[in-house]
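Here are the chains, one letter per residue:
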Amino acid sequence: MSSLNTEKWNRILVRFLLAFSFWEAVSIPLRMLFFSKFYFDPNLRGLFIPITDVFWLGPVFSDLVFTLSFGFLYALMKDSLPQGLVGGFLVGILVSIIGFVSPMLWTLSLTNFAPPVLVWVWVAYYAIFTTVTAVIYSVGWNSED
């Protein structure tokens, strides 16, 4: 494991800006697509607020923190991870399973805090986010440049 030198910082920040800006452009329509079914369900209407009342700083800050921290972790683990597009998909899927699928399986088996369909849509949304971020961080990152 090597330290974070200036070259790695530049790579992290460039990839961070690419991943964050791409995800922010895609996330709002994707959220609407994934969660609109639940918004109009009369049983779940109380869980959602109108889009005009959403305090957008929260989701944007959450995406920012996740994307930046994932970039730091990826830079520190880069030597032991697979490279390229396939490596990015593999890392994204594995992190999604470890970070979202497994905890939700465990939580849903213990409690019934939300409808399972809503939980799995949320998991799918964040799995896509993680996979896209991993792919952006993994493609074209050569230490020999």
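Basis of the calculations
Here the residue numbers are simple positions, counted from 1 along each chain's written sequence. In keeping with the predicted nature of the model, local features appear solely for residues at pLDDT of at least 70, side-chain atom pairs appear and are counted solely at 80 or more, and the whole-chain, interface and lining totals rest on all residues. Remark: hydrogens and water are excluded; side-chain values derive from all non-hydrogen atoms of the structure. Strands here mean DSSP runs of E at least two residues long; helices mean DSSP runs of H or I at least four residues long; both are numbered from the N terminus. Classification of residues uses two cut-offs on accessible area relative to the type maximum, computed with a 1.4 Å probe and protein chains only: under 20% is buried, over 50% is exposed, and between them is partly exposed. Working rule for contacts: check all heavy atoms of both residues, and any pair within 4.5 Å makes them a contact. In these tables, accessible area is a Shrake-Rupley quantity obtained with a 1.4 Å probe, and a residue counts as shielded only by the protein chains included in the view. This count recognises Lys and Arg as positive and Asp and Glu as negative, with His and chain-terminal groups excluded. Charge placement uses NZ in Lys and CZ in Arg. For Asp and Glu, CG and CD serve respectively. One less than the residue count of a helix, multiplied by 1.5 Å, gives the span that helix is expected to have. One fitted axis covers the seven residues ending at a residue, a second covers the seven starting there, and the bend at that residue is the angle between these axes. UniProt positions are given in the numbering used here, feature names are shortened, and annotations may be inferred rather than shown by experiment. Nine residue types can take part in a nonpolar core, namely buried Ala, Val, Leu, Ile, Met, Phe, Trp, Tyr and Cys, and a core is a set of them joined through side-chain atoms within 4.5 Å. Salt-bridge detection follows one rule: a side-chain nitrogen of Lys or Arg within 4 Å of a carboxyl oxygen of Asp or Glu. Axes here mean lines fitted to C-alpha atoms, for a helix over just the part in contact, with angles spanning 0 to 180 degrees between N-to-C directions. For classification, angles of less than 35 degrees are called roughly parallel, those exceeding 145 degrees roughly antiparallel, those between 65 and 115 degrees roughly perpendicular, and all remaining angles oblique. By the definition used in this description, the sense in which the near helix is turned from the far one sets the handedness, with an anticlockwise turn below a right angle giving left-handed and a clockwise turn giving right-handed. Residue type decides the class: Asp, Glu, Lys and Arg count as charged, Ala, Val, Leu, Ile, Met, Phe, Trp, Tyr, Cys and Pro as nonpolar, and the leftover types, Gly among them, as polar.

1. A look at the overall build of the protein
Within the protein one finds four helices and zero strands. When the elements of the protein are put in sequence order from the N terminus, they spell out α-α-α-α. Within the protein, the fraction of its 145 residues that count as buried is 34%. Sequence separation of at least 24 residues holds for 76% of the intrachain contacts in the protein that already meet a minimum separation of 6. Looking at the protein as shown, the accessible area adds up to about 8,800 Å², and 74% of this sits on carbon and sulfur atoms. Within the protein, one finds 7 positive and 8 negative side-chain charges whose respective centroids are separated by 4 Å.

2. Things to note about the side chain of S27
Assignment of secondary structure puts S27 in helix α1 (residues 6-39). Ignoring any residue separated from it by four or fewer positions in sequence, one finds S27 in contact with D63 and Y125.

3. Here we look at α1
Taking 1.5 Å per residue, 34 residues should reach 50 Å; α1 reaches 46 Å between its end C-alpha atoms and fits that length. Taking the largest bend as the criterion, α1 deviates by roughly 35 degrees, centred on S27, and proline P29 comes between one and four positions later.

4. Observations regarding the UniProt feature "transmembrane region" (unreviewed entry) in the protein
Feature annotation in UniProt assigns "transmembrane region" (unreviewed entry) to the following positions: residues 12-34, 54-77, 84-106 and 118-139. Across residues 12-34, the secondary structure splits into 100% helix and 0% strand, with the terminal C-alpha atoms separated by 30 Å. Along residues 84-106 one finds 100% helix and 0% strand; the C-alpha atoms at either end are 32 Å apart.

5. With respect to the nonpolar core
The biggest cluster of nonpolar side chains holds 16 residues, and the ones touching the most others in it are W23, F35, F38, V119, V123, Y125 and Y126. At the level of secondary structure, the elements contributing two or more residues to this core comprise α1, α3 (84-110) and α4 (116-138). Looking at which element gives the most residues to this core, the answer is α4, with seven residues. Core analysis: the next-biggest nonpolar cluster, separate from the first, contains eight residues, F20, F70, V91 and Y137 among them.

6. What to know about the pattern of salt bridges
Applying the stated criterion to the full structure yields one salt bridge. For D63, the salt bridge is made with R31, and the minimal N-O distance between the two is 3.2 Å. Separated by 32 residues along the polypeptide, D63 in helix α2 (residues 57-77) and R31 in helix α1 bring together distant segments of the chain. By relative accessible area, D63 is classed as buried at 0%. Overall, R31 belongs to the buried group, its relative accessible area being 15%.

7. Let's talk about the packing of α2 against α4
Relative orientation of the contacting elements α2 and α4 amounts to 45 degrees, with a least axis distance of 10 Å. When the axis of α2 is compared with that of α4, the two are oblique. When the axes of α2 and α4 are compared, the crossing they make is right-handed. Contacts between α2 and α4 involve S62, D63, F66, T67, L68, F70, G71 and Y74 on the former and, on the latter, Y126, F129, T130, T133, A134, Y137 and S138. For the contact of α2 with α4, the per-class residue count stands at eight nonpolar, six polar and one charged.

8. Considerations on the side chain of T133
Structurally, T133 can be placed in helix α4. In contact with T133, not counting residues within four places along its chain, are A19, F66, T67 and F70.

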